[in-house]
Amino acid sequence: MPTRPFSARRQSQLLGELLRPIDVSSGLLFCNHVLLARRGLPCDPRIAAYVQSHAPPLSPFLVHCAARQVLLKSLGESNRPMTSETFSALIALLWEQLDHDPAMQDPAWKESDPTGWAIRYVGLQGETAGILLQGFGLAVGLFTDSLGRGPDEAADIPARLQACLRMHPSVFMRTGFVAGAVRTATNGAVKLPGTITTEVVEQWAGRLGDGVSENWNRFVELTSCTPREFGQISRHSGHAAEDMRYDLFSFNVLRSRPLIDLGDGHFVAPDPHLVYARVAAGMYYDLLDSDGEHFTRPFGYRFAHLVHNLTASACGTGRVWADTSVPRAVRSTPPSRHVDVAYIGDSATVLIECKSLRPSTKLLMLGDPLDAEAMVARVAGAVQQLYEHAEAIRAHKWSSYGLAARDCVGVVVTYGNIPTVNGTLFRRRVAQVATTNSAPSIPYLVLSLPLFDSLLRLVEHGNALDDVVHSLTNDDDAAFPGRYEQDLWLDAISEITRRRGQAFLDTLPSEESVSEPSGNGRGSSA
């Protein structure tokens, strides 16, 4: 019998037939179990064995897709629990859809530029939260007043964020940690993180830290939705996929609403790491949603101020130059375009340009060539700025402002991670744009803020920043951490970010104090 041609519509029907009778709570908790096992955390041995034996591996992206389908297809409460067999069937359907990636079905795909597709493919596979201590530490620096206001910051970003959240940003983060850590539902003897009830929040008010119980209702308003609301947002969001073939890659509402409200004050996070990411790096999007593009310029100054603060803390203030040190009269008509921060090393000056870039949802969903081209152009603009400043430095135009003529290398620091940005394909596209100007090129890296923070940890380990950048840019793909992977294996957070993160964590309840429920949770069978 001939194989039936793949149909996205038929695939959606098969998913519905599989998931409609499944209890929505059981399905979401099963996803929680699977991710516990994948991350090597204590969990039901049966689930651990299932995850270890599963091929292909159950990546967070795939499990998030599974949770999304449960929310979209299940009819709600039922007596049919999610089982390993049903979950395997669900994953098989998702993999079949992945295997029929519409971009790769395009006959012209092999001849087209794959930059956008590579960004989408790699970008959807990574862990969402990264290193939690680092994520919280960087969020404390950006979004609270623990980092003083920089000389260029006309807008008070922490105060504006507090007005948007209607609570202090540190309280928002603290409540998010609690929501991801509390365990009220169990699977046998295993208590599942990210299962929390309003009743527990009220009963444990004194154990959860300042502001959590008082702001709980506002917190869930910002970070949760019911299964029905999840479907409505998915269908009517500006990020929805118009072409059903791209549905698997469309924006997963779990990224903005990682807590699912099951009714009667019960909440479950299919992945607690999504809660942590939402209340750390995700606060950027609260401001963006509130203030739109008007927010990005003042945020850029705040972002550059934090990068300067991190660099000076790791490298010593005597070796770090900032454009804010240049007299305002000069800055209004500078000798050339210039970067935000520079490190004056023994062998070269490291020029550091800060851009609050992040891949758009549309780019990650479609890998559209036009969106990829726009991202390349924005990165190329930052790289061109490195080139022009380096050329002006070599021409002695900045000597009187603290930057003597010498060789330069560059780093562009972005807010979000841009997958494959240091790979051959992306760099080739950047070179086509950036070298149209007469300024000669210099070696450079593009790093997200967390990766830049890890780069600075290498300096604290005794490496010179200019030597590290030279070393990494000599590699074929300028990959990070590249040859330094072992140095950062267990210690990848700069000292000041670690201190900020630890100071925040010290305000949180201990894991023991949030792991013993005082009421009945909604459990799930394996």
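Below you will find a few notes about this structure.

When helices and strands are counted, the protein chain shows 23 helices and eleven strands. A compact globule built from 526 residues should have a C-alpha radius of gyration of about 24 Å, and the protein chain, at 24 Å, falls within 12% of that. For the protein chain, the C-alpha atoms occupy an extent of roughly 75 × 65 × 40 Å along the three principal directions. Burial status across the protein chain gives 54% buried among its 526 residues. Counting only contacts in the protein chain whose residues sit at least 6 apart along the sequence, the fraction spanning at least 24 positions is 78%. Summing over all exposed atoms, the protein chain offers an accessible surface of approximately 22,500 Å²; the carbon and sulfur share of this is 51%. Put simply, the protein chain has 48 plus and 57 minus side-chain charges, and the middle of one group is 3 Å from the middle of the other.

Strand pairing within a sheet occurs via backbone hydrogen bonds; the two strands may be parallel or antiparallel. Ordered by their spatial adjacency, four strands build an open sheet running S3-S6-S5-S4, and the pairing between neighbours is mixed. Strands at the two margins of the open sheet, each flanked by one partner only, are strand S3 (195-197) and strand S4 (224-225). Of the pairings in the sheet, the one linking S3 to strand S6 (residues 266-268) comprises three bridges and is antiparallel in character. The partner of Thr197 across the bridge, within S6, is His266.

This paragraph deals with the pairing of strand S8 (residues 341-344). Looking at chain direction, strand S7 (residues 320-322) and S8 are connected through three bridges and run antiparallel. What sits directly across from Val320, in S8, is Tyr343. The loop that links S8 with its antiparallel partner strand S9 (residues 349-355) comprises four residues.

All right, on to the packing of helix H2 (residues 24-38) against helix H4 (residues 60-73) then. In a packed pair of helices, the relevant descriptors are the angle between the two axes and the axis-to-axis distance. At a minimum axis separation of 9 Å, H2 and H4 run at an interaxial angle of 175 degrees. In terms of orientation, H2 lies roughly antiparallel with respect to H4. Each of Val24, Gly27, Leu28, Cys31, Val34, Leu35 and Arg38 in H2 lies in contact with H4, whose residues at this interface are Pro60, Val63, His64, Ala66, Ala67, Val70 and Leu71. Class assignment of the residues belonging to the contact of H2 with H4 gives a composition of eleven nonpolar, two polar and one charged.

With that settled, the discussion passes to helix H9 (residues 157-165). Those residues of H9 that fall on the buried side of the exposure criterion are Ile157, Pro158, Leu161, Cys164 and Leu165. Burial along H9 is one-sided: seen end-on, the buried residues are contained in an arc of 120 degrees. Each element contacted by the buried residues of H9 is listed here: helix H8 (132-143), helix H10 (169-181), helix H12 (216-223), helix H15 (283-291) and helix H16 (296-315). The residue sitting at the N-terminus of H9 and contributing the capping side-chain oxygen is Asp156; that oxygen lies 3.2 Å from the backbone nitrogen of Ala159. Just downstream of H9, Arg166 is the residue with a positive phi angle, here 65 degrees.

A few words now on the environment of Ala8. In this structure, Ala8 sits in helix H1 (residues 8-19). Classification of Ala8 by relative accessible area gives buried; the value is 14%. For the pair Ala8 and Cys225, spaced 217 residues apart in the sequence, the C-alpha separation amounts to 27 Å. Residues within four places of Ala8 in sequence aside, it is in contact with Met244 and Arg245.

In this section: unusual backbone geometry. Peptide bonds are, in most cases, trans, and in most cases residues other than glycine have a negative phi. A cis amide bond, omega 0 degrees, links Ala55 with the succeeding residue Pro56. Here Pro56 is to be found in the loop between helix H3 (45-53) and H4. One non-glycine residue, Thr420, adopts positive backbone phi at about 65 degrees. Inspection of the secondary structure puts Thr420 in the loop between strand S10 (408-414) and helix H20 (424-434). Accessibility expressed as a relative area gives 29% for Thr420, which makes it partly exposed.

Now for the pairing of S9. Looking along a regular strand, one sees the side chains alternate between the two faces of the sheet. Across the seven residues of S9, six count as buried, placing the element largely inside the fold. Both S9 and S10 contribute to a ladder of seven bridges, which runs parallel. Residue Glu353 lies in a different strand from S10, and its bridge partner there is Val412.

Moving on, we come to the nonpolar core. Ranked by internal contacts, the top residues of the largest apolar core, which has 80 residues, are Phe143, Trp216, Phe219, Phe299, Leu449, Phe452 and Leu455. Element by element, the count of residues in this core is highest for H16, at nine residues. Discounting residues that sit within four places of it in the chain, Phe452 has contacts with Val307, Thr311, Ile352, Val411, Val413 and Leu447. Leu19, Phe61, Val63 and Leu274 belong to the second-largest nonpolar core, a separate cluster that totals 50 residues.

The next subject is the sheet that holds strand S11 (residues 444-448). Taken in spatial order, the five strands line up as S7-S8-S9-S10-S11 in an open sheet, and their pairing is mixed. If you trace the sheet from one side to the other, it starts and ends with S7 and S11, each paired once. Looking at each pair of strands side by side, their axes are set apart by 20 degrees on average, direction ignored. Summarising the sheet, S10 and S11 pair through five bridges and their orientation is parallel. Across the sheet, the residue bridging to Gly410 is Tyr444, located in S11.

One can find Arg20 in the loop between H1 and H2. Under the relative-accessibility criterion, Arg20 is labelled partly exposed at 40%. The sequence separation of Arg20 and Val70 amounts to 50 residues, and the corresponding C-alpha distance is 8.1 Å.

Our next topic: the pattern of salt bridges. Summed over the entire model, instances satisfying the criterion amount to 20 salt bridges. Measuring nitrogen to oxygen at the nearest pair gives 3.3 Å for the salt bridge that ties Arg68 to Asp247. Of this pair, Arg68 sits in helix H4 while Asp247 is found in the loop between helix H13 (227-236) and strand S5 (259-263), placing the two residues 179 residues apart along the sequence. You can call Asp247 partly exposed: its relative accessible area is 25%. Sharing partners across several salt bridges, the network here consists of Asp152, Asp323, Arg328 and Arg331.

Parameters and conventions
- Residues numbered from 1 in each chain as written.
- Predicted model: local features only at pLDDT ≥ 70, side-chain atom pairs only at ≥ 80, totals over all residues.
- Heavy atoms only, no water.
- Helix = DSSP H or I, 4+ residues; strand = E, 2+ residues; numbered from the N terminus.
- Rg over C-alpha atoms; globule rule 2.2 N^0.38 Å.
- Buried < 20%, exposed > 50% of the residue type's maximum accessible area, 1.4 Å probe, protein only.
- Contact = heavy atoms within 4.5 Å.
- Areas by Shrake-Rupley, 256 points an atom, 1.4 Å probe, with all protein chains shown as cover.
- Lys, Arg positive; Asp, Glu negative; His and termini not counted.
- Charge placed at Lys NZ, Arg CZ, Asp CG, Glu CD.
- Pairing = 2+ DSSP bridges.
- Axes fitted to C-alpha atoms, helices over the stretch in contact; angles between N-to-C directions.
- Parallel < 35°, antiparallel > 145°, perpendicular 65-115°, else oblique.
- Nonpolar A, V, L, I, M, F, W, Y, C, P; charged D, E, K, R; others polar.
- Arc of directions from axis to C-beta.
- Polar contact = N/O pair within 3.5 Å; in protein donor to acceptor, adjacent residues only side chain to side chain.
- Core = buried A, V, L, I, M, F, W, Y, C linked by side-chain atoms within 4.5 Å.
- Salt bridge = Lys/Arg side-chain N within 4 Å of Asp/Glu carboxyl O.

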